[in-house]
Amino acid sequence: MTTHEQRILIVDDEPMIRRLLNQKLSKQGYHCEEASSSDEALEKMKTYSADLILLDMKMPGGSGMELLADLKPIYPAAAVIMATAVNETNLAIQCMRLGAEDYICKPFNLDEVAINVGKTLEKKRLEQKIKEYQEHLQQKVDEQTREIRTLFLGSIEALVFALEAKDKYTAGHSRRVCEISMVISRELNSSEDFVEDLRWGSLLHDVGKIAVDQCIQNKPGKLTPAEYEHIMIHAQVGAGIVKPVVNERVVAIVEHHHDHYDGTGLHQLVSGEDIPLGARILTIADAYDAMTSDRPYRPAITVEDARQEIKRCSGTQFDPILASAFLKIDISCSTSKRDKLAAINT
Ligand SMILES: [Fe+2]
């Protein structure tokens, strides 16, 4: 297929050859430009962007093969046909290994050159079509993967909210914890990707409570060590539930959200900065919301008392740098949302 938009750059040091090729190919409907050297060809390509380059193998001041090696990385979409002497076919084959599409032998049969050019451009066009089709398909697959993932995450999120809504003590907890985590991460100027991971980690952190005995969870008195151990399985169980639908960073946030900074948490394997940063933030938000909420075994404590408790546990339960960042924040904005969310969920 020849179209008027298709552009050919003829690179040859012999003016007569350039003129003959230009005349023949122009008659076929191509737009042609000429260059008499490698330097001129490189300069022309900056503004001409040819679809096809007819490239003479032997030119003074730089071989066609060298020019091909320079051009291909910059203009990978441009097809190249090498023009060689009959006894240079080995070199021409090397050029094809460097990315040339074809070669033609001198002296030229102009009709054959025109056929060759047409075939090469058509091949290039089809390759481009296939590439675009594959990119389009990939885009579709990515879109659908995102949609499926969002649906799954939405379902798990709904499950968490449903679980929490079952009792008045936990209603709205994950949403509030998420709000507080977001406030802390903004204070830390965290990257968008990190904030997104933390958002999902916070919303889903307690999904593992589906495996916790409700009688133990709602026990009005102090938990026995065995009961406490039973409740704490929710971090591991939650990580397992979310694993198929979130990235490993979110899984790690859920898994480590009860880790103590000093390593004294139950069955904890890492401590200090080996605990994922998102989990270290979440644990402060989680503790703050738990302390300022009523629980079956105690009423809510005041915001000021909760802040004092976070200060007291800085360096033991909580990362001291994050605890101090949290204590600088006026959390009242989030706590006002807390009341609204609690109202929605009760
Ligand atoms: Fe938890």
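Nothing here was measured: the structure is a model prediction, and the numbers come from that model. Throughout, residues of each chain are indexed from 1 in the direction in which the sequence is written. Only residues with pLDDT of at least 70 are given local features in this predicted model, and only at 80 or more are side-chain atom pairs given and counted; all residues enter the totals for whole chains, interfaces and linings. Excluded from the side-chain calculations are hydrogens and water; all other atoms, namely the structure's heavy atoms, are used.

### Comments concerning the coordination of the iron ion
By definition of the ideal shapes, a tetrahedral metal site with four donors has angles of 109.5 degrees and an octahedral site with six donors has angles of 90 or 180 degrees. Going by this rule: Note that water is not among the atoms considered, so a metal site may appear incomplete; the donors listed are N, O and S atoms within 2.8 Å of the metal, with 3.2 Å applied to Na, K and Ca. Irregular is the label for any site that misses the other tests, which are tetrahedral for four donors with all angles between 85 and 135 degrees, and square planar for four donors or octahedral for six when opposite donors exceed 155 degrees and the remaining angles lie between 65 and 115. Exposure categories follow from relative accessible area, calculated using a 1.4 Å probe and restricted to protein chains: below 20% of the type maximum is buried, above 50% is exposed, and the middle band is partly exposed.
Every protein donor of the iron ion is listed here as Asp206 (OD), His234 (NE2), His257 (NE2) and His258 (NE2), and their distances to the metal cover 2.2 to 2.3 Å. Coordination geometry of the iron ion: the four donor atoms subtend angles of 84 to 170° at the metal centre, consistent with an arrangement described as irregular. Relative accessible area serves as the criterion here: at 7%, Asp206 is assigned to the buried category.

### Structural notes on the confidence of the model for the protein
Basically, it comes down to this: The pLDDT value tells you how sure the predictor is about a given residue, anywhere from 0 up to 100. In what follows, a contact means two residues having at least one pair of non-hydrogen atoms within 4.5 Å.
Per-residue pLDDT for the protein has a mean of 89; in total, 95% of the residues score no lower than 70. Of the regions scoring below 50 in pLDDT, residues 335-346 engages in 14 contacts with residues more than four places distant in sequence or in other chains.

### Remarks on the pairing of strand β4 (residues 79-85)
Quick note on the threshold: Each helix is a run of DSSP H or I of at least 4 residues and each strand a run of E of at least 2, with the numbering of both proceeding from the N terminus. If DSSP finds at least two bridges between two strands, the strands pair. If the strands point away from the viewer and the path from the first strand over the helix to the second runs clockwise, then the crossover is right-handed.
Within β4, six of the seven residues are buried, which leaves it mostly tucked inside the rest of the structure. Two elements, strand β3 (residues 52-56) and β4, share five bridges in a ladder whose sense is parallel. Residue pairing in the sheet places Leu55 in a bridge with Met82 of β4. With respect to chirality, the unit in which β3 leads through helix α3 (residues 64-74) into the neighbouring parallel β4 is right-handed. Where β4 and strand β5 (residues 102-106) come together, five bridges link them in parallel fashion. From the neighbouring strand, Met82 faces β5, where its bridge partner is Tyr103. One crossover worth recording links β4 to the parallel β5 by way of helix α4 (residues 89-97), and it is right-handed.

### A closer look at the sheet that holds strand β1 (residues 7-11)
Applicable threshold: Axis lines are fitted through C-alpha atoms, for helices just across the contact stretch, and the angle between N-to-C directions can take any value from 0 to 180 degrees.
Pairing within the open sheet is parallel, and its five strands lie in the order β2-β1-β3-β4-β5. Two strands bound the open sheet, and with one partner strand each, they are β2 (31-35) and β5. With strand direction ignored, the average angle separating the axes of adjacent strands in the sheet is 20°. Sheet analysis places β1 next to β2, joined by five bridges and oriented parallel.

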